[in-house]
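In case you want the letters, here they are:
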Number of protein chains: 4
Amino acid sequence: MIIIVKNHADKGQLDTLLQWLKGQGIQPNLSVGTQQTIVGCIGDVSHVDIDLIRALDVVESVQRIQEPYKNVNRKFHPADTVVDCSGVKVGGGAFQVMAGPCAVEDEEQLLTIARAVKAAGATMLRGGAFKPRTSPYSFQGLGAEGIKLLLKARQETGLPIVTEIMNVQHLPLFEDVDVIQVGARNMQNFELLKELGHSRKPILLKRGLANTLQELLMSAEYIMAGGNSNIMLCERGIRTFETSTRNTLDLNVVPLLHRLSHLPVVIDPSHATGHAWLVPPCAAAATAIGADALIIEVHNDPPHAMSDGVQSLTLAQFATTMAHVRQLRPLACHDR
Amino acid sequence: MIIIVKNHADKGQLDTLLQWLKGQGIQPNLSVGTQQTIVGCIGDVSHVDIDLIRALDVVESVQRIQEPYKNVNRKFHPADTVVDCSGVKVGGGAFQVMAGPCAVEDEEQLLTIARAVKAAGATMLRGGAFKPRTSPYSFQGLGAEGIKLLLKARQETGLPIVTEIMNVQHLPLFEDVDVIQVGARNMQNFELLKELGHSRKPILLKRGLANTLQELLMSAEYIMAGGNSNIMLCERGIRTFETSTRNTLDLNVVPLLHRLSHLPVVIDPSHATGHAWLVPPCAAAATAIGADALIIEVHNDPPHAMSDGVQSLTLAQFATTMAHVRQLRPLACHDR
Amino acid sequence: MIIIVKNHADKGQLDTLLQWLKGQGIQPNLSVGTQQTIVGCIGDVSHVDIDLIRALDVVESVQRIQEPYKNVNRKFHPADTVVDCSGVKVGGGAFQVMAGPCAVEDEEQLLTIARAVKAAGATMLRGGAFKPRTSPYSFQGLGAEGIKLLLKARQETGLPIVTEIMNVQHLPLFEDVDVIQVGARNMQNFELLKELGHSRKPILLKRGLANTLQELLMSAEYIMAGGNSNIMLCERGIRTFETSTRNTLDLNVVPLLHRLSHLPVVIDPSHATGHAWLVPPCAAAATAIGADALIIEVHNDPPHAMSDGVQSLTLAQFATTMAHVRQLRPLACHDR
Amino acid sequence: MIIIVKNHADKGQLDTLLQWLKGQGIQPNLSVGTQQTIVGCIGDVSHVDIDLIRALDVVESVQRIQEPYKNVNRKFHPADTVVDCSGVKVGGGAFQVMAGPCAVEDEEQLLTIARAVKAAGATMLRGGAFKPRTSPYSFQGLGAEGIKLLLKARQETGLPIVTEIMNVQHLPLFEDVDVIQVGARNMQNFELLKELGHSRKPILLKRGLANTLQELLMSAEYIMAGGNSNIMLCERGIRTFETSTRNTLDLNVVPLLHRLSHLPVVIDPSHATGHAWLVPPCAAAATAIGADALIIEVHNDPPHAMSDGVQSLTLAQFATTMAHVRQLRPLACHDR
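Quick caveat: nothing in here was measured; it's all calculated off a predicted structure.

A. Focus on the overall build of chain A. On a plain count of helices and strands, chain A comes out with 10 helices and 14 strands. Along the first, second and third principal axes, the C-alpha atoms of chain A reach 75 × 45 × 40 Å. Within chain A, buried positions represent 64% of all 336 residues. At a minimum sequence separation of 6, the contacts of chain A that also span at least 24 residues come to 67%. Working note: accessible area of chain A is about 11000 Å², and carbon and sulfur atoms make up 50% of it.

B. Spotlight on the interface of chain C and chain D. Contact residues are listed per partner, giving 49 residues for chain C and 49 residues for chain D. In terms of surface lost to chain D, no three residues of chain C exceed Tyr-137, Arg-185 and Glu-191 of chain C, which account for 16% of the buried area on that side. Seen at the junction of chain C and chain D, the total is four salt bridges. Residue Arg-133 of chain D is joined to Asp-49 of chain C by a salt bridge in which the shortest nitrogen-to-oxygen separation is 3.0 Å. Linking chain C with chain D are 22 residue pairs in polar contact (both at pLDDT 80 or more), by the criterion used here. At the level of elements, helix H2 (50–54), helix H5 (190–197) and helix H6 (213–225) of chain C are the ones that each hand at least two residues to the side of chain C that touches chain D. A per-element tally of the side of chain C that touches chain D places H6 of chain C first, with five residues.

C. Looking closely at the domain arrangement of chain A. In terms of domains, chain A is made up of domain 1 (2–63) and domain 2 (83–331). Once you take the C-alpha centre of each, domain 1 of chain A and domain 2 of chain A turn out to be 43 Å apart.

D. Just the sheet that holds strand S11 (residues 203–206) of chain B, in detail. Residues and elements named next belong to chain B. Strand order in the closed barrel made by the eight strands is S7-S8-S9-S10-S11-S12-S13-S14, with parallel pairing throughout. When the angles between neighbouring strand axes are averaged without regard to direction, this sheet yields 30 degrees. Relative to strand S14 (residues 293–297), strand S7 (residues 96–100) runs parallel, the two being bridged by five bridges. The residue bridging Gln-96 from the neighbouring strand is Ala-293, located in S14. Those strands touched by helix H9 (residues 279–289) are strand S13 (265–267) and S14, and its axis lies near 170 degrees from that of S14.

E. Quick peek at the packing of helix H3 (residues 107–120) of chain A against helix H4 (residues 144–157) of chain A. Residue and element names in this part refer to chain A. One way to put it is that H3 packs onto H4 with a least axis distance of 10 Å and a crossing angle of 40 degrees. Of the two elements, H3 crosses H4, and the hand of that crossing is right-handed. Of the residues in H4, those touching H3 at Glu-107, Leu-110, Leu-111, Ala-114, Arg-115 and Lys-118 are Leu-149, Leu-150, Lys-152, Ala-153, Glu-156 and Thr-157. Residues that form the contact of H3 with H4 fall into these classes: six nonpolar, one polar and five charged.

F. Inspection of the environment of Tyr-137 of chain B at higher detail. Summarising the element assignment, Tyr-137 of chain B is placed in the loop between strand S8 (124–126) and helix H4 (144–157). Relative accessible area serves as the criterion here: at 21%, Tyr-137 of chain B is assigned to the partly exposed category. Apart from residues no more than four positions distant in its own chain, Tyr-137 of chain B is found in contact with Ser-46, His-47, Pro-68, Asn-71, Glu-221 and Ala-225 of chain A. At 3.1 Å, the side chain of Tyr-137 of chain B forms a polar contact with the side chain of Asn-71 of chain A. In terms of polar contacts, Tyr-137 of chain B uses its side chain to reach the side chain of Glu-221 of chain A, at 2.4 Å.

G. Up close: the relation of the copies chain C and chain D. Least-squares fitting of chain C to chain D yields an RMSD of 0.1 Å, with the transformation described by 0.0 Å of translation along the axis and a rotation of 180 degrees. One copy is carried onto the other by what is essentially a two-fold rotation axis. In terms of C-alpha distance to the rotation axis, chain C has Ala-210 of chain C as its closest residue, with the C-alpha 3.1 Å off the axis. Mapped onto chain D, 100% of the interface residues of chain C are again interface residues, and the two copies thus contact each other with one and the same surface.

H. Quick look at helix H4 (residues 144–157) of chain C. Residues and elements named next belong to chain C. Over its 14 residues, H4 runs 20 Å from end to end, which matches the ideal 20 Å to within 8%, given 1.5 Å per residue. Those residues of H4 that sit buried are Gly-146, Ile-147, Leu-149, Leu-150, Ala-153 and Thr-157. Looking straight down H4, one finds its buried side chains confined to an arc of 160 degrees; they lie on one side. In H4, the exposed positions that point more than 90 degrees away from the buried face belong to Lys-148 and Gln-155. Check the buried side of H4 and you find it contacts helix H3 (107–120), strand S8 (124–126) and strand S9 (161–165).

I. Focus on the nonpolar core. Grouped together as the largest cluster of nonpolar side chains are 288 residues, with contacts concentrated most on Phe-318 of chain A, Phe-318 of chain B, Phe-318 of chain C together with Phe-318 of chain D. Beyond its immediate stretch of four places on either side in the chain, Phe-318 of chain A contacts Val-97, Ala-99, Val-117, Ala-120, Ala-122, Ile-296, Val-298 and Leu-313 of chain A.

J. Seen up close, the side chain of Ser-199 of chain C. Here Ser-199 of chain C lies in the loop between H5 and strand S11 (203–206). Take Ser-199 of chain C: its relative accessible area is 17%, and that puts it in the buried class.

K. Main features of the sheet that holds strand S13 (residues 265–267) of chain A. All names here are of chain A. Judged by pairing direction, the barrel is parallel, and its eight strands sit side by side in the order S7-S8-S9-S10-S11-S12-S13-S14 before closing back on the first. Strand-to-strand twist of the sheet, defined as the mean angle between neighbouring strand axes without regard to direction, takes the value 30 degrees. Pairing analysis gives three bridges linking strand S10 (residues 179–182) to strand S11 (residues 203–206), with the strands arranged parallel. The partner of Gln-181 across the bridge, within S11, is Leu-204. Sheet strands touched by H4: strand S8 (124–126) and strand S9 (161–165). Its angle to S9, the strand with the most contacts, is close to 165 degrees. The strands that helix H7 (residues 253–260) touches are strand S12 (231–235) and S13; relative to S13, the one it contacts most, it runs at about 165 degrees.

L. Spotlight on the pattern of salt bridges. In the structure shown here, the tally under the stated rule is 64 salt bridges over all chains. With its nearest N and O atoms 2.8 Å apart, the salt bridge here joins Lys-11 of chain C to Asp-15 of chain C. Here the residue Lys-11 of chain C and the residue Asp-15 of chain C both occupy positions in helix H1 (residues 11–23), the gap between them amounting to four residues, near one helical turn. For Asp-51 of chain C, the salt bridge is made with Arg-54 of chain C, and the minimal N-O distance between the two is 2.8 Å. Here Arg-54 of chain C and Asp-51 of chain C lie together in helix H2, a separation of three residues that amounts to about one turn. Accessibility expressed as a relative area gives 31% for Asp-51 of chain C, which makes it partly exposed. Three or more residues are tied together by salt bridges with common partners; here these are Arg-207, Glu-235 and Asp-250 of chain A together with Glu-242 of chain D.

M. Spatial organisation of the interface of chain D and chain A. Contact residues are listed per partner, giving 34 residues for chain D and 34 residues for chain A. Across the chain D/chain A interface, buried area totals approximately 2900 Å², and carbon plus sulfur atoms make up 71% of it. Where chain D packs against chain A, one counts two salt bridges. Residue Arg-207 of chain A is joined to Glu-242 of chain D by a salt bridge in which the shortest nitrogen-to-oxygen separation is 3.8 Å. For the pair chain D and chain A, the number of links is six residue pairs in polar contact (both at pLDDT 80 or more). Secondary-structure elements contributing two or more residues to the side of chain D that touches chain A are helix H7 (253–260), helix H8 (269–273), helix H9 (279–289) and helix H10 (315–328) of chain D. With six residues, the top contributor of residues to the side of chain D that touches chain A is H9 of chain D. Considering only residue class, the side of chain D that touches chain A consists of 20 nonpolar, 10 polar and four charged.

What counts and how
- Residues numbered from 1 in each chain as written.
- Chains lettered and ligands numbered in written order.
- Predicted model: local features only at pLDDT ≥ 70, side-chain atom pairs only at ≥ 80, totals over all residues.
- Heavy atoms only, no water.
- Helix = DSSP H or I, 4+ residues; strand = E, 2+ residues; numbered from the N terminus.
- Buried < 20%, exposed > 50% of the residue type's maximum accessible area, 1.4 Å probe, protein only.
- Contact = heavy atoms within 4.5 Å.
- Areas by Shrake-Rupley, 256 points an atom, 1.4 Å probe, with all protein chains shown as cover.
- Buried area = accessible area lost by both parts, 1.4 Å probe.
- Salt bridge = Lys/Arg side-chain N within 4 Å of Asp/Glu carboxyl O.
- Polar contact = N/O pair within 3.5 Å; in protein donor to acceptor, adjacent residues only side chain to side chain.
- Domains from an automatic or database assignment.
- Pairing = 2+ DSSP bridges.
- Axes fitted to C-alpha atoms, helices over the stretch in contact; angles between N-to-C directions.
- Left-handed = near helix turned anticlockwise from the far one by under 90°.
- Nonpolar A, V, L, I, M, F, W, Y, C, P; charged D, E, K, R; others polar.
- Least-squares fit on C-alpha atoms with pLDDT ≥ 70 in both.
- Expected span 1.5 Å × (residues − 1).
- Arc of directions from axis to C-beta.
- Core = buried A, V, L, I, M, F, W, Y, C linked by side-chain atoms within 4.5 Å.

Put into structure tokens, the structure is as follows:
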């Protein structure tokens with residue numbers, strides 16, 4: 001951390017600043033120039049609230065050199081974290097595909113899809129029971145009943161299940177769920193993150209629509225600060241000025257997150273594009289760049305899906321996509 | 001709503017579409033051209049999930065003409081909503097200023113500030129008890145204790161209090177609070193919005209950092225759909241590419257929201273800029289353009305505030321700002 | 001400027017870096033910590049290409065402390081620049097309004113509008129002769145003929161004229177023009193900026209749709225580096241995710257640019273909103289926050305304008321807006 | 001195109017609108033509902049300025065159904081355009097790699113790089129003679145001398161050369177250049193585009209930092225409207241809120257542009273990331289998703305490059321990247 005001191009600061013003020021820093025456990029290193037005085041702060045300052053320093057009278061500006069996150073930081077944990085999702089391992093060189101419907105609609109729909117995605121090579125089953133919808137008038141998911149159907153599908157297919165939580169109070173309903181998803185709109189629902197930190201369940205943490213990677217990692221830090229390191233980071237498209245797609249897939253994140261953090265990176269090409277025909281090429285690119293897993297929306301009858309039909313692959317399209325992805329995987333980048 | 005039909009659609013498919021629409025209570029109006037067939041859907045379609053139509057096989061694209069929100073729409077409720085905050089009225093021509101510290105720190109701090117902002121002309125007291133912080137290592141607020149101190153400050157000054165909720169489970173703690181704030185990061189925490197819809201308390205709903213006005217209004221619609229129409233919409237700056245300020249104040253929203261909705265509009269120049277010296281000019285602009293209220297962070301000792309010190313006005317700066325704002329208010333735009 | 005040195009750097013490499021810096025005329029100041037080595041560079045480094053340093057082997061990262069612009073920087077030129085536009089002064093406490101049609105269409109149209117805006121209080125006449133249009137099939141302006149008509153309108157009304165240049169080769173046509181406008185899409189047309197630096201004409205430099213203030217100031221620096229300091233900075237709305245308006249007016253820029261630079265700041269509420277009904281409230285806010293001038297599109301018959309009819313005020317609307325702005329001006333912020 | 005008529009419109013006004021449309025060669029199709037009247041406009045309306053209609057008194061809003069571009073539209077030209085760059089074909093199933101330094105620095109540097117990239121498999125040589133720089137104090141390129149050196153390198157290696165134009169007046173200097181590049185900041189320099197439309201040279205048109213695909217295609221339409229269809233569309237990263245990279249690579253564009261247009265699509269992973277270590281994974285992803293060509297910055301001594309050293313591959317890194325890309329290419333998506 002580097003503190004630029006205001007030009008007019010006198011010695012007394014400067015001393016007070018240095019004392020203040022030492023009181024916070026920071027070792028300051030003073031460089032006095034003719035025009036500018038700089039205080040370099042060496043050591044671990046990830047626990048320091050930089051805004052407190054910024055507000056001080058003699059401080060012109062403050063710049064962090066080191067990341068404000070520690071637990072999720074690869075610097076302090078060089079080995080890949082491998083998240084064990086009831087036997088299916090994500091990270092550390094493995095490659096997994098999570099697939100299933102946007103929303104659980106009924107038993108027959110879910111079982112049909114679950115069997116088909118398993119046959120095509122998916123290793124986990126996704127499906128929404130609680131659905132975050134922009135409109136209060138849209139289908140909100142089957143709720144607790146949806147989770148029961150997912151558990152039934154797991155029993156039949158053996159696929160671990162991934163489903164989204166939207167409310168801290170629903171946590172007891174997720175007791176038998178294999179992976180708990182935190183949606184993009186809840187990425188900074190800090191109360192939810194704190195609660196999930198007390199769990200030991202694998203968490204699929206989605207990046208918000210307009211959040212930086214640092215913010216995503218700080219949200220993961222919230223969970224790890226609570227003691228839960230079973231976290232998968234998920235890119236699901238960001239909001240840009242382009243209006244012909246729902247979102248824009250940001251694949252820079254795969255090598256970037258792999259360098260910044262030891263947590264595995266999952267790519268969701270369905271939400272990132274919003275159009276089924278764009279999912280296979282984006283899944284291919286995500287595989288080539290070295291994603292640890294994909295999460296893809298699949299439906300047995302997309303035109304009549306109760307949500308996200310436009311972006312859902314048919315069972316046949318998913319099988320073709322899986323075949324392509326399997327061919328590409330051996331050529332994927334290994335960026336670590 | 002206008003549906004563009006795919007070129008290859010045959011009569012059978014088209015009939016199925018028309019039947020499907022009628023089944024949803026929509027009256028379709030067919031325009032068959034030589035190159036393009038268009039179905040115009042007349043009437044109230046705010047309850048229709050447009051994505052369901054978009055997913056249908058014969059549909060090329062769908063465009064809404066009417067807004068997807070109804071309760072918050074001025075078209076269906078031409079008169080201004082006036083939100084009564086324990087006697088202080090927001091909307092309908094009144095002008096209010098909410099002021100106070102970012103976070104409640106202790107009794108003396110809060111009372112000092114409360115008395116001073118009241119003396120300067122503030123009509124409500126703001127203060128955070130539960131603080132959403134990007135880092136798990138930053139000060140998270142005093143919690144329940146903070147709310148008790150706010151109630152004490154209200155008792156002494158008579159100012160109604162505004163404070164933020166972050167967790168559905170905390171709702172019982174807010175029983176005596178006058179206005180419940182939903183922060184920008186929770187604007188699409190739909191579970192929280194649903195719960196607040198069952199309350200009758202005034203809600204200060206902040207716009208998310210990268211959300212459109214339509215999304216803000218859909219979030220307000222969630223609350224109104226539950227029966228609570230005591231909603232104030234708050235602009236607190238949006239994220240842009242500019243890095244010299246924390247956010248960018250979007251003042252277009254004042255006349256826009258006034259036209260789209262009957263709900264009052266509150267401007268927060270503190271978060272919108274992130275720098276105390278930018279707050280007075282932005283408060284002036286917000287007043288001139290016709291905001292119904294301002295919400296401003298004020299601290300008795302900004303350099304030592306436990307959060308947001310950089311953007312907090314001193315007591316003296318706030319008094320000067322109030323004096324300026326009072327001069328400007330009679331010249332404010334009346335856009336309705 | 002602060003250089004963070006890579007951890008593995010040995011003494012030889014560090015010495016080479018320090019020599020390199022001295023070769024560039026920079027005085028380095030070394031802080032060696034146990035974990036991190038920092039080189040503080042004191043003095044004027046505005047002429048240094050920071051990317052050259054960033055590319056060096058031993059450099060981890062580089063952060064500027066001082067602005068990369070010098071001529072336009074208020075630190076080196078504390079007094080307001082007053083731009084003399086053929087007798088009409090912009091900046092330094094004066095307040096001006098430029099008004100006129102988006103495009104010059106014909107003599108009668110232009111003279112009608114010019115007379116009306118003068119009567120309402122405008123002090124300069126705007127009008128496009130060369131029009132930048134997204135589509136090659138849209139009206140591209142009258143070109144040289146348009147400039148002739150503007151000169152005629154000036155002769156009759158005495159209002160100095162402002163019109164846009166799009167091509168370096170057109171410069172001879174602008175010899176008698178009072179103010180040359182550089183449009184948002186040409187803000188980083190560096191060849192054009194260099195050429196205008198050799199002129200002494202007042203330049204109205206518009207901010208690009210997605211550019212930072214630093215980039216705007218660097219473009220102004222291009223012009224000043226050539227010797228021309230007659231520059232007005234113009235905010236005309238930025239691109240955001242909001243789709244209900246053409247752009248989003250960013251008023252933070254008025255106090256920000258006034259602090260960073262000595263150049264006057266002009267606000268264009270017409271392009272910033274794209275809707276005539278939003279222009280008066282935004283003009284009011286821009287006046288209150290302390291803009292040095294406004295530039296507003298006015299047309300005698302907006303529904304039949306050849307461009308930008310939707311955002312053009314009628315003659316009557318402009319007169320009302322001027323009356324309001326005149327009332328507000330004495331209460332405007334003085335941020336310097 | 002669909003026109004929503006204002007509710008209060010009377011029959012006379014509606015008739016005037018219909019006449020106006022017919023006068024523009026548009027065939028209107030009226031749907032009168034009880035609450036809303038809609039005019040569907042069938043046929044080719046790409047030449048219509050939609051804003052003219054939007055400004056009309058009786059018009060509530062207008063929505064395009066068809067694209068506003070025609071020449072570049074795949075609907076009207078289903079076969080891939082193959083751009084012949086002095087014998088090297090881009091598009092139509094071929095795959096090319098353009099490589100070379102950001103800026104031409106001197107003969108030895110250029111020839112060293114040119115020979116090495118050719119040996120590694122590059123099929124074209126890139127190099128900047130005129131450099132657009134944010135700062136007037138940064139190296140601006142060798143200018144005409146740089147083009148001479150590029151021609152010499154072509155003579156020796158046989159690689160066609162790609163170099164950027166920044167000024168219409170420089171066009172004569174580009175007479176022997178094989179491909180003329182239009183940089184991101186000039187994407188909407190319409191005067192330059194018009195001029196290039198009169199040429200028959202291949203144009204590499206880069207997308208602006210915050211431009212939509214429709215805007216990119218409209219800029220290509222400008223060139224094609226002048227008669228030049230030798231256009232390659234180039235994605236070079238867009239500006240997002242992420243600050244850890246220079247830009248964000250948007251790979252959605254590859255399948256999207258292939259569907260919307262018949263023009264080939266080139267990906268620039270160097271500018272899209274700004275860091276050499278991110279270039280190989282992004283090049284891999286771009287290849288997998290089906291890009292027609294890549295353009296990559298390579299330097300023999302990146303730490304001492306005169307520009308863009310941070311993002312330039314070394315000769316060895318480029319060779320490794322080429323080997324990987326060659327393996328991936330047979331598995332690339334064929335999205336047409």
